[in-house]
Amino acid sequence: MSRRKTERLLNLVICLLSTRRPLSAEQIRHVVPGYDPDNDEAFQRMFERDKNELREIGIPIEVNKDPWEDDPGYRIVRQAYELPEITLEPDEAAVLGLAAQVWQRANLAEAASGAMLKLKAGGVETDLVEGPLELRVDTRDASFPTLWEAVRDRRVVAFDYRSSGSESVLRRVVEPWGVVSRRGRWYLVGHDRGRDDTRVFRLSRIAGPVAPVGRPGAVRVPDGIDLRAQVGYAGEEFPERTALLRVRPGTCQGLRHLARQVRPGAEWDEVELAFTDAERLAGWIASLAADAQVIDPPDAREAVIRRLKGALQ
């Protein structure tokens, strides 16, 4: 959304909140900055779009039709607009604080931090006593944000998926029910339309971007579905292997910390790293850009190359 449009919508909300009586569209046109004072048709289109967008984000615009007036009037009733006072029990506030810690380094970190800040401003104490354990959720998988939004919006998604033990990539169209973490890996649970059955997909095996399909609200999650139970039977455990990598001196400290062995060199250091899932390793190495290269095994190297080509495209 452009800055000009944001300012116009904000001014419209302030105007409709401040008025004691409903304002006609013509009055709003001359009071709220940003509307075309000369072109009637352009104003009507813009005003209708603005009303719809405000309603879509939950701002209640009340329409009043006075029998003595030709045009309807608009206003926002403050009682319907303002949220009620938030009151949380100590254990409820503690749970929210714990959830914010979990997402601190994940894709939802900004939203979680903002929510905690607003609660603290309202007098709700969400801090937990610091202990020896620190909770984190790792969401390096590039498809996580889109899938999480699709689950939230009840929206069908389509993506290319590489099955276990196979190099073939097939297109899947899925009604997403939930995204679940198990043993450090993320899984999508949902209804596979192509196979007309419930399926579990490991996010690290999704190749390329996830595309939303159709309108929000189209997915219905079955009553009583246990997502964790579904993921509990998903996939096999891969045997541990060793990857040979080259990393630039002085970089990739996290990778070096987990390495089995590091052999210093002039331009590159050689690193031996244990791994089980080539796709998950590829996501990590690709995020290190030009500071790391996979030399062996070939499937892990090819997985990194695919991800980098996808990012370039």
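A.B. asks: Help me out: how do you make sense of the overall build of the chain in this one?
C.D. replies: When helices and strands are tallied, the chain shows 11 helices and 12 strands. Looking at the chain as a whole, 34% of its 313 residues qualify as buried. Taking all contacts inside the chain whose residues are at least 6 apart in sequence as the whole, residues at least 24 apart take part in 56%. Total accessible area computed for the chain in this model is approximately 19500 Å², and 51% of it derives from carbon and sulfur atoms.

A.B. asks: Would you take a moment to explain the nonpolar core for this structure?
C.D. replies: A general tendency of soluble globular proteins is for nonpolar side chains to be buried together. Ranked by internal contacts, the top residues of the largest apolar core, which has 20 residues, are L245, L255, L281, I285 and L288. Those elements giving two or more residues to this core turn out to be β9 (241-247), β11 (269-275), α10 (278-287), β12 (292-296) and α11 (298-312). With five residues, the top contributor of residues to this core is α10. Other than its neighbours up to four places away in sequence, L245 contacts L255, D269, E270, V271, L273, I285, Q293, V294 and I295. Counting residues in each nonpolar core, the second largest holds 18 residues, with L12, V32, Y35 and I61 among its members.

A.B. asks: Would you mind going over the sheet that holds strand β5 (residues 169-182) with me for this structure?
C.D. replies: Strand pairing in a sheet relies on backbone hydrogen bonds, with the paired strands running either antiparallel or parallel. The strand order across the open sheet formed by five strands is β7-β6-β5-β4-β8, and the pairing between neighbours is antiparallel. Lying at the two open borders of the sheet, with one neighbouring strand each, are β7 (197-202) and β8 (206-213). Neighbour to neighbour, the strand axes of the sheet diverge by 45° on average, direction disregarded. Seen against the sheet, helix α7 (residues 144-153) touches β4 (156-162), β5, β6 (185-192) and β8 and runs at an angle of roughly 80° to β5.

A.B. asks: Is there a simple way to explain the packing of aromatic side chains in this structure?
C.D. replies: What characterises a pair of aromatic rings is the spacing of the ring centres plus the angle enclosed by the ring planes. In this structure the tally under the stated criterion is eight aromatic pairs. Plain terms: the ring middles of F43 and F47 are 5.6 Å apart, the flat faces sit at 10° to each other, and that makes the pair stacked. One end of the pair, F43, and the other, F47, are both in helix α3 (residues 40-56), four residues apart, so they sit about a helical turn from each other. Judged by its relative accessible area of 2%, F47 is buried. Judged by centre distance (5.3 Å) and plane angle (85°), the rings of F47 and Y74 are edge-to-face.

A.B. asks: It is not clear to me how the sheet that holds strand β10 (residues 261-263) should be interpreted in this structure. Could you clarify?
C.D. replies: Read across the sheet, four strands follow the order β10-β11-β9-β12 without closing on themselves; strand pairing throughout is antiparallel. One side of each edge strand has no neighbouring strand; the edge strands of this open sheet are β10 and β12. Neighbour-to-neighbour, the strand axes of the sheet open up by a mean angle of 30°, direction not taken into account. Relative to β11, β9 is paired through seven bridges, and the arrangement is antiparallel. Paired with L244 across the strands is E272, a residue of β11. Contacting β9, β11 and β12, α10 runs over the sheet at an angle of about 140° to β11.

A.B. asks: Could you clarify how one ought to interpret the packing of α10 against α11 in this entry?
C.D. replies: Any two packed helices are characterised by the angle at which their axes cross and by the distance between the axes. At a closest axis distance of 8 Å, the pairing of α10 and α11 adopts a crossing angle of 50°. Comparing the axis directions of α10 and α11 gives the class oblique. Handedness of the crossing formed by α10 with α11: right-handed. Where α10 approaches α11, its residues A278, E279, L281, A282, G283, I285 and A286 are matched on the opposing element by D299, A300, A303, V304, R306, R307 and L308. For the contact of α10 with α11, the residue count by class is nine nonpolar, one polar and four charged.

A.B. asks: Please explain unusual backbone geometry as it appears in this structure.
C.D. replies: Excluding glycine, most residues fall at negative phi; most peptide bonds, likewise, are trans. In this chain, D296 is followed by P297 through a cis amide linkage whose omega measures 5°. Considering the arrangement of structural elements, one finds P297 in the loop between β12 and α11. Look at R154: it is not a glycine, yet its phi comes out positive at around 55°. Structurally, R154 is set in the loop between α7 and β4. Assessed through its relative accessible area of 31%, R154 is described here as partly exposed. Not every positive phi belongs to a glycine, and A289 is a case in point at roughly 55°. When you line up the elements, A289 lands in the loop between α10 and β12.

A.B. asks: What is the right way to look at α11 in this model?
C.D. replies: Residues that lie three or four places apart on an α-helix share one face, since the helix turns once every 3.6 residues. With 15 residues, α11 extends 21 Å between its outermost C-alpha atoms, agreeing within 8% with the 21 Å of an ideal straight helix rising 1.5 Å per residue. Every buried residue of α11 is listed here: A300, A303 and V304. Across the axial projection of α11, the buried residues extend over an arc of 100°, all falling on one side. Along α11, exposed side chains directed more than 90 degrees from the buried face belong to P298, K309 and L312. Along its buried surface, α11 packs onto α10 and β12.

A.B. asks: In this structure, what is going on with the packing of helix α1 (residues 3-18) against α3? I would like to understand it.
C.D. replies: In contact at an axis separation of 11 Å, α1 and α3 are set at 75° when each is read in the N-to-C sense. Considering their axes alone, α1 and α3 lie roughly perpendicular with respect to each other. In contact with K5, R8, L9, L12 and V13 of α1, α3 contributes M46, F47, D50, E53 and L54. For the contact of α1 with α3, a count of residues per class yields six nonpolar, no polar and four charged.

The rules behind the values
Residues numbered from 1 in each chain as written. Predicted model: local features only at pLDDT ≥ 70, side-chain atom pairs only at ≥ 80, totals over all residues. Heavy atoms only, no water. Helix = DSSP H or I, 4+ residues; strand = E, 2+ residues; numbered from the N terminus. Buried < 20%, exposed > 50% of the residue type's maximum accessible area, 1.4 Å probe, protein only. Contact = heavy atoms within 4.5 Å. Areas by Shrake-Rupley, 256 points an atom, 1.4 Å probe, with all protein chains shown as cover. Core = buried A, V, L, I, M, F, W, Y, C linked by side-chain atoms within 4.5 Å. Pairing = 2+ DSSP bridges. Axes fitted to C-alpha atoms, helices over the stretch in contact; angles between N-to-C directions. Phe/Tyr/Trp six-rings, centres within 6.5 Å; stacked < 30°, edge-to-face > 60°. Parallel < 35°, antiparallel > 145°, perpendicular 65-115°, else oblique. Left-handed = near helix turned anticlockwise from the far one by under 90°. Nonpolar A, V, L, I, M, F, W, Y, C, P; charged D, E, K, R; others polar. Expected span 1.5 Å × (residues − 1). Arc of directions from axis to C-beta.

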